[in-house]
Amino acid sequence: MGKPVNTSDRLLAEIKERSGQEVNACIQCGKCTAGCPMVEAMDLLPRQVMLLLQMGNEKEVAVSRTPWVCASCFTCGARCPRDLDLSSIMEAVRLKVLRPRDAKVLSPGDLSVEMLKELPQQALVSGFRKFSR
Amino acid sequence: MDYLYFPGCTLKGSSAWQMENTALEAVACLGLNLQELKQWQCCGAVYPLSEEEIITLVSPARALYAAAESGKPLVSLCSACHHVLKRTQVRLLNDKETREKISCYLEEDYPGEARVLHYLELLRDEVGWQALKEKVKNPLQGRRIAAYYGCMLLRPSREMCFDNPERPRIMEDFINILGAEVVNYPFRIRCCGAYLAVTENRVAEDASRKIVKMALDSGAEEMTTACPLCRYNLEKTPEAKQGKVKISYFSEPLSEALNLEVQEVKP
Ligand code: SF4
Ligand code: SF4
């Protein structure tokens, strides 16, 4: 009989399948957080997201604002001494919330006519790609 | 020399036509031929960060298959298009499984390696700074211009191979060649907030404002970028709205320095 799979193993395997990243490789140094330009708007620091994932605390990460204010800027990944691509881990967390329920964080109805007129196509396409599935 | 040109949806829309018009006039003046790729589709604007997503790679892959087939390098102006095309190209090259899946969708094998170039790389690596300098008829003397790189051109550097990701210089070299004064400032590679403009515009505005203020404090009169979304975000700051700093596409000072008459043909 193999070792029983606990929540944290299952969560980490799922994240790895989507992002290719080994969350357990994180050593909690905080370099990702020090360079993150969106950190002021986050309730969990990028480093804390990593720690909670390591501990299998899926719930706290899922309700956090952090993955939704991550702008996929790739700065964290450029600075991580463990070469972890946090942008992909954040994406895996977003997909974990968005995919199962076909949930939408952004619907076309959320945008005012004014926004639709002035936002560049690039913003609309990337916004819908990131925030609805 | 002949190149294929991938415009992308934003450059054909209302917010970035200036980048296309000025850049295309300039290459003609430099003796290059950029031919628009036939039947191009939107690149998807963001590179899919989840390994399970294959279908979203098909659109950029179509452009890459066409470019590989033609044997001509594929050039783009929009930094998001360039980012997606370049990363897809790297993926096609190194990931056999993805390449095979995509070939199934496209019902064709990848006909070899496509070359993907950003317009700035075209100027640096194909035209050369010296040759560009010789074409400058109207040096932008006394203009204080700050380069704004943003994220997409530089990171992840292992795939983008655009410039040093922490200390890039391509845009500064470019500004220098145009005869303007380069404004050095921190935050030139810091994220503007990107697509948070759609869902979290406060957060995007705060992020952009820090960058604009830093450039202003360092003496910039103008900030120049290759990204339509960066430009949009920077222009939304109070400082830009009050006219304290001008936000341009990098091809605008280029066409001024080359003294080109660019027709204002809006789509
Ligand atoms: S920089 Fe890397 S190793 Fe350090 S805390 Fe962040 S993810 Fe962990
Ligand atoms: S990718 Fe997200 S988490 Fe990483 S530095 Fe950028 S905003 Fe922060």
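The structure presented is a predicted model; accordingly, all values stated were derived computationally and were not measured.

Residues and elements named next belong to chain A. Under the domain assignment, chain A is made up of domain 1 (7–98) and domain 2 (103–133). Here the C-alpha centroids of domain 1 and domain 2 sit 24 Å apart. Contacts between the two partners involve 7 residues from domain 1 and, on the opposite side, 7 residues from domain 2. Summing the contributions of domain 1 and of domain 2, the shared interface buries around 630 Å²; its carbon and sulfur component is 61%. Summed over the three residues of domain 1 that lose the most area to domain 2, namely Trp 68, Glu 91 and Leu 98, the buried surface amounts to 69% of that side. Summed over the shared surface of domain 1 and domain 2, the result is 1 salt bridge. Taken together, domain 1 and domain 2 are joined by 2 residue pairs in polar contact (both at pLDDT 80 or more).

Right, let's get into the nonpolar core. Within soluble globular proteins, side chains that are nonpolar tend to cluster in buried spots. One finds Leu 53 of chain A together with Tyr 119, Leu 132, Phe 174 and Met 223 of chain B to be the most contacted residues of the largest nonpolar core, which totals 139 residues. The element that contributes the greatest number of residues to this core is helix H2 (residues 55–70) of chain B, accounting for 8 residues. If near-sequence neighbours (up to four positions away) are discounted, Met 223 of chain B is found in contact with Ala 146, Tyr 148, Tyr 185, Ile 211, Val 212, Ala 215, Leu 234, Val 245, Lys 246, Ile 247 and Ser 248 of chain B.

Two pairing modes exist for strands in a sheet, parallel and antiparallel, and in both the strands are linked by backbone hydrogen bonds. All names here are of chain B. One open sheet accounts for 4 strands, arranged S6-S5-S7-S8; its pairing is parallel. Strands at the two margins of the open sheet, each flanked by one partner only, are strand S6 (181–183) and strand S8 (246–249). Averaged over all adjacent pairs, the angle separating strand axes in this sheet is 35 degrees, with direction ignored. As defined by bridge partners, strand S5 (residues 144–147) adjoins S6 across 3 bridges and the pair is classed as parallel.

About the cut-offs
For every chain, the first residue of its written sequence is number 1, and the numbers climb from 1 along that sequence. Lettering of chains starts at A and numbering of ligands starts at 1, both following the order in which they are written. For a predicted model such as this one, the threshold for reporting local features is a pLDDT of at least 70, and the threshold for listing and counting side-chain atom pairs is 80 or more; totals across whole chains, interfaces and linings nevertheless cover every residue. Processing note: side-chain calculations cover all non-hydrogen atoms of the structure and skip hydrogens and water entirely. Domain extents, as shown, originate in an automatic or database domain assignment. Residues count as neighbours in contact if any of their non-hydrogen atoms are within 4.5 Å of one another. Here the quantity called buried area is the accessible surface, traced with a 1.4 Å probe, that two parts lose on coming together, added over both. Put simply, a salt bridge is a Lys or Arg side-chain nitrogen that is within 4 Å of an Asp or Glu carboxyl oxygen. Any pair of nitrogen or oxygen atoms within 3.5 Å is treated as a polar contact; in protein, a donor-acceptor pairing is required on top of that, and neighbouring residues in sequence qualify only through side-chain atoms on both sides. Buried Ala, Val, Leu, Ile, Met, Phe, Trp, Tyr and Cys residues that are joined via side-chain atoms within 4.5 Å together make up what is termed a nonpolar core. A simple rule labels every residue: compare its accessible area, found with a 1.4 Å probe on the protein chains alone, to the largest value its type can have, and call it buried under 20%, exposed over 50%, or partly exposed in between. Secondary structure is summarised from DSSP: a helix means a run of H or I of at least four residues, a strand means a run of E of at least two, and numbering begins at the N terminus for each. For two strands to count as paired, DSSP must find a minimum of two bridges between them. Between the N-to-C directions of two axes lies an angle of 0 to 180 degrees, each axis being a line fitted to C-alpha atoms and, for a helix, fitted only over the stretch in contact.

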